[in-house]
Amino acid sequence: MTVRPWFEWVSLGARLVLGGVMLVAGALKVTDPETAAQAVRAYELLPSSLAAPVGWGLPFLEIAIGLLLIVGFGVRAAAVAAGVFMVVFIAAVASAWVRGLAIDCGCFGGGGQVAPGQTKYLQEILRDVGLLALAAWLWWQPTSKFALESDSHSPSGVTAS
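Just so it is clear, the model here is predicted, and its values are computed rather than measured.

1. Some words on the side chain of Glu62
Here comes step 1: Considering the arrangement of structural elements, one finds Glu62 in helix α3 (residues 48–71).
Here comes step 2: Sequence-distant contacts of Glu62, defined by excluding residues within four places in its chain, comprise Met22, Leu23, Ala25, Gly26, Lys29, Phe85 and Phe89.

Below, the structure is given as structure tokens:
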């Protein structure tokens, strides 16, 4: 398959946006792990025994995925991981919305109960669908400008772009 030259620029933009969002989301939560755990509990999807470990561990995974995408190492795998996160986040927010919960998503810190008029479920789902589209693009076109690593299917495995 012939890759159009501009694809590498689009993939760079996708890497930086998706990686930046993942990095910022994780960094904002990692400084307050109890609030992150509270945000997980607010969804009422996991047993209480799992809410704290997920709330505490999730920010570190988001930071790792974000860094991999930003530097361009293991892009396809990091994009798949980010895509799985987006699908889970979309499902969790949609579930909260359908069940009538009034919570802040906790996506960028915070989280927990809010007044019913304060929810932003549609915006959160649309944002995550957009991020999922970026992850899908990167799965399809992982090679990009200024990456530490090119597509693992290339002969050399490393680029100097």
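2. What to know about the pattern of salt bridges
Here comes step 1: Applying the stated criterion across every chain yields a total of four salt bridges.
Here comes step 2: The partner of Glu8 in a salt bridge is Lys145, and the shortest N-O contact between them spans 3.6 Å. Pair noted here: Glu8 is in helix α1 (residues 5–30) and Lys145 is in the segment after α5 (121–140), with a separation of 137 residues, a long-range link.
Here comes step 3: Accessibility expressed as a relative area gives 21% for Glu8, which makes it partly exposed.

3. Brief notes about the packing of α1 against α3
Here comes step 1: Two elements in contact, α1 and α3, have axes whose closest approach is 7 Å; the angle formed by their N-to-C orientations is 150°. The angle between α1 and α3 falls in the class roughly antiparallel. Considering how the two elements wind past one another, α1 and α3 form a crossing that is left-handed. Counted together, Arg15, Leu16, Leu18, Gly19, Gly20, Met22, Leu23, Ala25, Gly26, Ala27, Lys29 and Val30 of α1 and Leu58, Pro59, Phe60, Glu62, Ile63, Ile65, Gly66, Leu67, Leu69, Ile70 and Val71 of α3 form the full contact between these two elements.

4. Section: the packing of aromatic side chains
Here comes step 1: Tallied over the full model, the rule gives seven aromatic pairs.
Here comes step 2: Both rings, one in Trp97 and one in Tyr121, keep their centres 6.0 Å apart while their planes meet at 40°; by these two values the pair is tilted. Linking Trp97 in helix α4 (residues 75–98) with Tyr121 in helix α5, this pair joins segments that are 24 residues apart in sequence.
Here comes step 3: Residue Trp97 is classed as partly exposed on the basis of its relative accessible area, which comes to 42%.
Here comes step 4: Centre to centre, the rings of Trp137 and Trp140 are 5.1 Å apart; their planes meet at 75°, and the pair counts as edge-to-face. Residue Trp137 and its partner Trp140 are located together in helix α5, separated by three residues, close to a single helical turn.
Here comes step 5: An aromatic cluster is defined as three or more aromatic residues linked by ring pairs; in this entry it consists of Trp6, Phe7, Trp137 and Trp140.

Thresholds, definitions, all that
Per chain, residue numbering runs from 1 following the sequence as it is written. Selection of residues for local features in this predicted model requires a pLDDT of at least 70, selection of side-chain atom pairs for listing and counting requires 80 or more, and totals for whole chains, interfaces and linings are taken over all residues. Processing note: side-chain calculations cover all non-hydrogen atoms of the structure and skip hydrogens and water entirely. Secondary structure elements follow DSSP: runs of H or I of four or more residues count as helices, runs of E of two or more count as strands, with numbering from the N terminus. The criterion used for residue contact is that any of the two residues' heavy atoms lie within 4.5 Å. What counts as a salt bridge is simple: a side-chain nitrogen of Lys or Arg found within 4 Å of a carboxyl oxygen of Asp or Glu. A simple rule labels every residue: compare its accessible area, found with a 1.4 Å probe on the protein chains alone, to the largest value its type can have, and call it buried under 20%, exposed over 50%, or partly exposed in between. To get an axis, fit a line to the C-alpha atoms, keeping to the stretch in contact for a helix; angles then go from 0 to 180 degrees between the N-to-C directions. Small angles under 35 degrees read as roughly parallel and large ones over 145 as roughly antiparallel, with 65 to 115 read as roughly perpendicular and the rest as oblique. For a crossing to be left-handed, the near helix must be turned anticlockwise from the far one by less than a right angle; the clockwise case is right-handed. Aromatic rings from Phe, Tyr and Trp, with only the six-membered ring used for Trp, were paired whenever their centres fell within 6.5 Å, and each pair was classed as stacked if the ring planes differed by under 30 degrees, edge-to-face if by over 60, and tilted otherwise.

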